Amino acid sequence: MAKHVVVLGAGVVGLTTAWYLRADGHQVTVIERNDDVASETSFANGGQLSYSYVAPLAGPGVLSKLPKWLLKRDSPIHFRPGVDLQQWNWVMRFVRACTHRQSEESTRRLLSLSFFSRDLMDELLAREPDLNFDHANAGKLVVHRTGASFDAARRLLDYQRSLGCEQEALDVDACVAREPALAHLADRLRGGIFTSGEDSGDCYRFCVGLMRSLRKRSVAFRFGTTVTRLRRSFGRRAVALVGNEDIDADHIVIATGASSVPLLGTLGIRVPLYPLKGYSLTAPIDAGAVAPRISITDYERKMVYARLGDRLRIAGMADINGRRADLNPRRVATLRAAAAAMFPGAADFDRAVAWCGLRPATPKGLPIIDRTSFDNLWLNIGHGALGFTLALASGRLIGDLVSSRRPAVSIGGFGLADT
Ligand SMILES: Cc1cc2nc3c(=O)[nH]c(=O)nc-3n(C[C@H](O)[C@H](O)[C@H](O)COP(=O)(O)OP(=O)(O)OC[C@H]3O[C@@H](n4cnc5c(N)ncnc54)[C@H](O)[C@@H]3O)c2cc1C
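Quantities reported herein were computed from a predicted structural model and do not represent experimental measurements.

Asker: Would you take a moment to explain the overall build of the protein chain for this structure?
Answerer: On a plain count of helices and strands, the protein chain comes out with ten helices and 20 strands. Computed over the C-alpha atoms, the radius of gyration of the protein chain is 21 Å, within 12% of the 22 Å expected from 2.2 N^0.38 for a compact globule of 419 residues. Taken along the three principal axes of its C-alpha coordinates, the protein chain extends 65 × 45 × 40 Å. The buried share among the 419 residues of the protein chain stands at 55%. At a minimum sequence separation of 6, the contacts of the protein chain that also span at least 24 residues come to 76%. Element-wise, carbon and sulfur atoms account for 51% of the exposed surface of the protein chain, whose accessible area totals about 17,900 Å². With 54 positive and 42 negative side-chain charges, the protein chain shows a separation of 5 Å between the mean positions of the two kinds.

Structure representation (structure tokens):
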């Protein structure tokens, strides 16, 4: 039976959720505190639809790197301990998740979501051919600068294949043949892993396109509207409040990204989300410049490069140092210098626009797609570094759950109790 469902948050996760709820015939309202869609973490992310590269940050090799993260300010991951109890709680849970077993289990679960997302993206693009978001299906090449890391990546190929990822190891000449913009780096590379099934696109434009399609399908948007708190209603039901106004809905889906912690806290629901701050640059590509055509990941520097039409998007870094999305000029300078060295002359890095956003990360790297202890309150949060990649699948799963349908893929591991 059709219900009125309110989705809180118009980032990529909220919009895909609205899409599948509407497809099921529900009446849908999206509430967003900003005046536009995708104004926060979904705005200028790395642009990778990274269906095969989903391994969580929490992995067995991480603990030995912690001292470097603490001490070196220009390391790709930076941890500054504070007096924030939530930060410590998150870090302890993260450390506990850094085992082989957990990392493999999370990877397996994330792959089931990401592969499903890829199918849903194909379906969506066939249905909405005008969804203009500089989408490209050119594949991704992860380049390695040391023999040790390339050997380790090659050893992983068989395991990745057993999980359904189609990848090939390339020597340096083959890397350059795939991506001529790497030619000048040839003597510093040791090889790369190419995955043909990886896509890229502009997440903000994707969201704008989706909003237009949703509006045509009578989905209502309330922008500039902050949900100030949630409160308990009759029995086991929750109500959202905008100031003194009760938002009347049969169901409420929380898709408020990194801000979900304080919002859910108003109902006493605790979620282990911590914002991992990341940075991006978007630089115009000069006419005739030798810029990368395929997505490139610089494995050692943990930076990704995506071509978005006539722009180059560069993204990276994870700072575990607080909840504010403020640009640190030092981090921006590090990113800019690394990008200019990687692809000199590919784009106008002086005119690059810098941005940062807060990845809503869970300790194990798995999103939370679940009902709360309130009958009508659902969570679609915690997509960390993979929100663009996973949004369609997790939106569809919330659609299944709200419509009391058997989920299209297993939701095991994505419960609040599993975090
Ligand atoms: C540097 C960087 C690079 C990244 N690269 C990639 C990538 O290449 N590929 C990939 O898949 N993912 C990537 N990600 C991750 C991805 O961007 C996020 O996982 C995703 O954007 C999260 O989407 P969301 O909708 O959950 O959150 P958001 O986009 O933050 O949306 C939440 C929305 O809720 C609204 N909101 C919050 N609280 C309230 C309230 N109380 N009332 C009303 N509205 C509210 C906010 O204004 C916001 O618009 C990257 C992230 C960063 C930071």
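Continuing now.
Asker: Please explain the sheet that holds strand β11 (residues 238–242) as it appears in this structure.
Answerer: Spatial ordering of the open sheet is given by β10-β11-β12, a layout of three strands whose pairing is antiparallel. The two strands at the open ends of the sheet, each matched to only one other strand, are β10 (229–232) and β12 (245–247). Neighbour-to-neighbour, the strand axes of the sheet open up by a mean angle of 40°, direction not taken into account. When β11 meets β12, the two strands line up antiparallel, connected through three bridges. Counterpart to L241 in the pairing with β12 is D246.

Asker: For this particular structure, what's the right way to read the sheet that holds strand β9 (residues 220–222)?
Answerer: Sheets are built from strands paired through backbone hydrogen bonds, the pairs being either parallel or antiparallel. The strand order across the open sheet built from six strands is β9-β2-β1-β13-β20-β19, with neighbouring strands paired in mixed fashion. One side of each edge strand has no neighbouring strand; the edge strands of this open sheet are β9 and β19 (368–371). Geometrically, the sheet is characterised by an average inter-axis angle of 15° between neighbouring strands, direction not taken into account. Judged from the four bridges that link them, strand β1 (residues 4–8) and strand β13 (residues 251–254) form a sheet pairing that is parallel. Bridged to V7 within β13 is V253.

Asker: When you look at the site of the ligand in this model, what are you seeing that I'm missing?
Answerer: Among the 34 residues in the neighbourhood of the ligand, the closest are listed as E32, S42, G46, G384 and T389. Separating an oxygen atom of the ligand from a backbone N or O atom of G384 is a distance of 2.7 Å. About the coverage of the ligand: the protein hides 97% of its 1,000 Å² of free accessible area. Grouping the constituent residues of the shell around the ligand by class yields ten nonpolar, 20 polar and four charged.

Asker: Can you help me understand the side chain of H78 in this one?
Answerer: Its location among the elements puts H78 in strand β4 (residues 77–79). Relative accessible area serves as the criterion here: at 11%, H78 is assigned to the buried category.

Asker: Looking at this structure, how should I read the nonpolar core?
Answerer: Considering soluble globular proteins, one finds that nonpolar side chains tend to be buried as a cluster. Of all hydrophobic cores here, the largest spans 54 residues; its most connected members are V37 and F206. Going through the elements one at a time, β1, α1 (12–23), β2 (27–31), α4 (100–127), α7 (203–216) and α10 (387–402) are the ones with two or more residues in this core. In terms of nonpolar packing, the next biggest core, distinct from the first, is built from 34 residues, L185, Y279, A283 and I294 among them.

Asker: Hey, could you run me through α10 in this one?
Answerer: At 3.6 residues per turn, the α-helix brings residues three or four places apart onto the same side. The largest bend in α10 comes to about 25°, at A393. For α10, the buried fraction is high: 15 of the 16 residues fall into the buried class. Two residues or fewer past α10, S404 is found with a positive phi of approximately 55°.

Asker: Which parts of the structure should I look at to understand the packing of α1 against α7?
Answerer: Packed helices, taken two at a time, are described by the angle their axes make and the gap between the axes. At a minimum axis separation of 10 Å, α1 and α7 run at an interaxial angle of 30°. As the angle between them shows, α1 and α7 are arranged roughly parallel. Two packed elements cross with a definite hand, and for α1 against α7 that hand is left-handed. Contact with α1, carried on its side by V12, L15, T16, A18 and W19, involves C203, F206, C207, L210, S213 and L214 of α7 and no other residues of that element.

Asker: What exactly am I supposed to notice about the environment of R236 here?
Answerer: On the secondary structure map, R236 appears in the loop between β10 and β11. For the pair R236 and N376, spaced 140 residues apart in the sequence, the C-alpha separation amounts to 7.9 Å. Sequence-distant contacts of R236, that is, excluding residues within four places in its chain, are made with S373, F374, D375 and N376.

Asker: Sorry, what's going on with unusual backbone geometry here?
Answerer: Leaving glycine out, the prevailing phi sign among residues is negative, and the prevailing peptide bond configuration is trans. Phi at A38 is positive, roughly 50°, even though this residue is not glycine. By relative accessible area, which is 2% here, A38 ends up buried. One non-glycine residue, M317, lies in the positive phi region at around 75°. When you line up the elements, M317 lands in strand β17 (residues 311–320). Residue M317 is classed as buried on the basis of its relative accessible area, which comes to 8%.

Asker: Sorry, what's going on with the side chain of S213 here?
Answerer: Tracing the chain through its elements places S213 in helix α7. S213 gets classed as buried once you look at its relative accessible area, which sits at 5%. Within the structure, S213 has its side chain in polar contact with the side chain of E128 (distance 2.6 Å). Excluding residues that lie within four positions of it along the chain, S213 makes contacts with W19, E128 and L131.

Cut-offs used in this document
Residues numbered from 1 in each chain as written. Predicted model: local features only at pLDDT ≥ 70, side-chain atom pairs only at ≥ 80, totals over all residues. Heavy atoms only, no water. Helix = DSSP H or I, 4+ residues; strand = E, 2+ residues; numbered from the N terminus. Rg over C-alpha atoms; globule rule 2.2 N^0.38 Å. Buried < 20%, exposed > 50% of the residue type's maximum accessible area, 1.4 Å probe, protein only. Contact = heavy atoms within 4.5 Å. Areas by Shrake-Rupley, 256 points an atom, 1.4 Å probe, with all protein chains shown as cover. Lys, Arg positive; Asp, Glu negative; His and termini not counted. Charge placed at Lys NZ, Arg CZ, Asp CG, Glu CD. Pairing = 2+ DSSP bridges. Axes fitted to C-alpha atoms, helices over the stretch in contact; angles between N-to-C directions. Near = heavy atom within 4 Å. Polar contact = N/O pair within 3.5 Å; in protein donor to acceptor, adjacent residues only side chain to side chain. Nonpolar A, V, L, I, M, F, W, Y, C, P; charged D, E, K, R; others polar. Core = buried A, V, L, I, M, F, W, Y, C linked by side-chain atoms within 4.5 Å. Bend = angle between axes of the 7 residues up to and from the residue. Parallel < 35°, antiparallel > 145°, perpendicular 65-115°, else oblique. Left-handed = near helix turned anticlockwise from the far one by under 90°.

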